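Analysis of the macromolecular model
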Amino acid sequence: MYYIEPHIHMVSRITDDYVRMSRAGCVAVSEPAFWAGFDRGSASAFSDYFRQLTEVEPLRAAQFGIHHMCWICINAKEAENVSLSREVISIIPEFLGRPGVLGIGEIGLNKNTRNEVTILEEHVDLAMKTDELILVHTPHLEDKYEGTRMILDILGGDSRIRPDRVLIDHVEEHTIQLALDAGFWVGMTMYPVTKCTPDRAADMIERYGTERILVNSAGDWGPSNPMNTPDFIRTMRSRGHSDDTVSEVVAKNPLRFFARAKGFNFQPPASMRFEQLEDSTVP
Amino acid sequence: MVEKMNVSSVLDRYFLEMRQDVLKLASAFDRLRAGGDGESVKRDPRVVMLREAIGLLGKDEADLARRVQLVFSKPYDQNWRDSK
């Protein structure tokens, strides 16, 4: 089964992971801008990082038949530095028009501080002015519930926001219904210890259905597994779910959401194409 | 409509994993006790949360994963804009 990995930080992964993902049927990845494990010191450091996302990774991925797309932002953790964040936000527009850039993300909250809220709101304002999709990071562990509700308050309080152009990522059992009820797309992240497992993701699919739901591995520089999305496919199949059902989550939903982006430039394999995606079409 | 497993299928598939997860918890609590100073263990807020969450599992009630998540979550204040 072909699949799309909607959230993975390939800049922090070795090339062997592209090989394994390609073998498992991955045809495209979406890579949000993230915290690289240290606090960067300047806007020029972010500019270099955004060049890596938009120039280097697409070439590395293409060697293995994988189409690479990305998102641009300053992440929630580094958003605590408001002055640096504003410098970075000022350079984001230079990158938004590049091929494969899906929108602004992954913005959000980390420890739910006032500074993080300020920078989140400024990113949202930019996305509204530039008509971009938004990918939202919800906090980890004990901060997730409070942070998700704060994020939903912020987005819900902005009348310019169209929920069908926003994906709330890293949802879990206590936040998924909040985001779905508000009309947003959601991502379930299968990641050791701090987030879901393929089984828990499958449980939530069985409870909430497949509409507006994606799954991802969020592979990064920590102990993580890019094979979690294929493992989700295997889990769903072993529970007796049809390939049509599984494909909705791992292929069609990512296409439906990403195809809304101005920078969407992916030609899916013939077996992944379908005629109409609501208000957008896949070539 | 997404298909679901029946009770028998769930147990056939997951019983051994569930048994393993219970043993992992039990052995972790044994490690806590072996660490000594039982009173400080009892008072540690992380242990309090763990016992509350585990207590939920002993109940024959619905929606346990969501409720356990909330045990480990900071509360949400609808007036956060004033307090942050």
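The text that follows walks through the structure, step by step, so that each part is easy to find. (Residues numbered from 1 in each chain as written. Chains lettered and ligands numbered in written order. Predicted model: local features only at pLDDT ≥ 70, side-chain atom pairs only at ≥ 80, totals over all residues. Heavy atoms only, no water.)

This part is about the pairing of strand E4 (residues 101-108) of chain A. Residues and elements named next belong to chain A. Counting buried positions over the eight residues of E4 gives eight, a clear majority of the element. The sheet contact formed by strand E3 (residues 67-72) and E4 spans three bridges and is parallel. Counterpart to Cys70 in the pairing with E4 is Val101. Between the parallel pair E4 and strand E5 (residues 133-137), the chain is carried across by helix H4 (residues 114-130), and the sense of this crossover is right-handed. (Buried < 20%, exposed > 50% of the residue type's maximum accessible area, 1.4 Å probe, protein only. Helix = DSSP H or I, 4+ residues; strand = E, 2+ residues; numbered from the N terminus. Pairing = 2+ DSSP bridges. Right-handed = clockwise from strand over helix to strand, strands pointing away.)

With that settled, consider the interface of chain B and chain A. The interface is formed by 20 residues belonging to chain B together with 30 residues belonging to chain A. Here chain B meets chain A over a buried area of about 2300 Å², counting both sides, of which 50% is carbon and sulfur. In this structure, Arg81 of chain B and Glu121 of chain A form a salt bridge, with 2.9 Å as the shortest nitrogen-oxygen distance. For the pair chain B and chain A, the number of links is 14 residue pairs in polar contact (both at pLDDT 80 or more). Looking at the side of chain B that touches chain A, the elements with two or more residues in it are helix H1 (7-34), helix H4 (64-71) and helix H5 (80-83) of chain B. Ranked by the residues each element gives to the side of chain B that touches chain A, the list is headed by H4 of chain B, at four residues. (Contact = heavy atoms within 4.5 Å. Buried area = accessible area lost by both parts, 1.4 Å probe. Salt bridge = Lys/Arg side-chain N within 4 Å of Asp/Glu carboxyl O. Polar contact = N/O pair within 3.5 Å; in protein donor to acceptor, adjacent residues only side chain to side chain.)

All names here are of chain A. Strand order in this open sheet of eight strands is E1-E2-E3-E4-E5-E6-E7-E8, and the pairing throughout is parallel. For this open sheet the edge positions go to strand E1 (3-5) and strand E8 (213-216), each flanked by a neighbour on one side alone. Mean inter-strand twist for the sheet, computed between neighbouring axes without regard to direction, equals 25°. The pairing of strand E6 (residues 166-169) with strand E7 (residues 185-189) spans two bridges and is classified as parallel. Across the sheet, residue Leu167 finds its bridge partner in E7, namely Trp185. Across the face of the sheet, helix H5 (residues 144-156) comes into contact with E4, E5 and E6 while running at roughly 170° to E6. The strands touched by helix H8 (residues 228-238) are E1 and E8; relative to E1, the strand with the most contacts, the crossing angle is about 140°. (Axes fitted to C-alpha atoms, helices over the stretch in contact; angles between N-to-C directions.)

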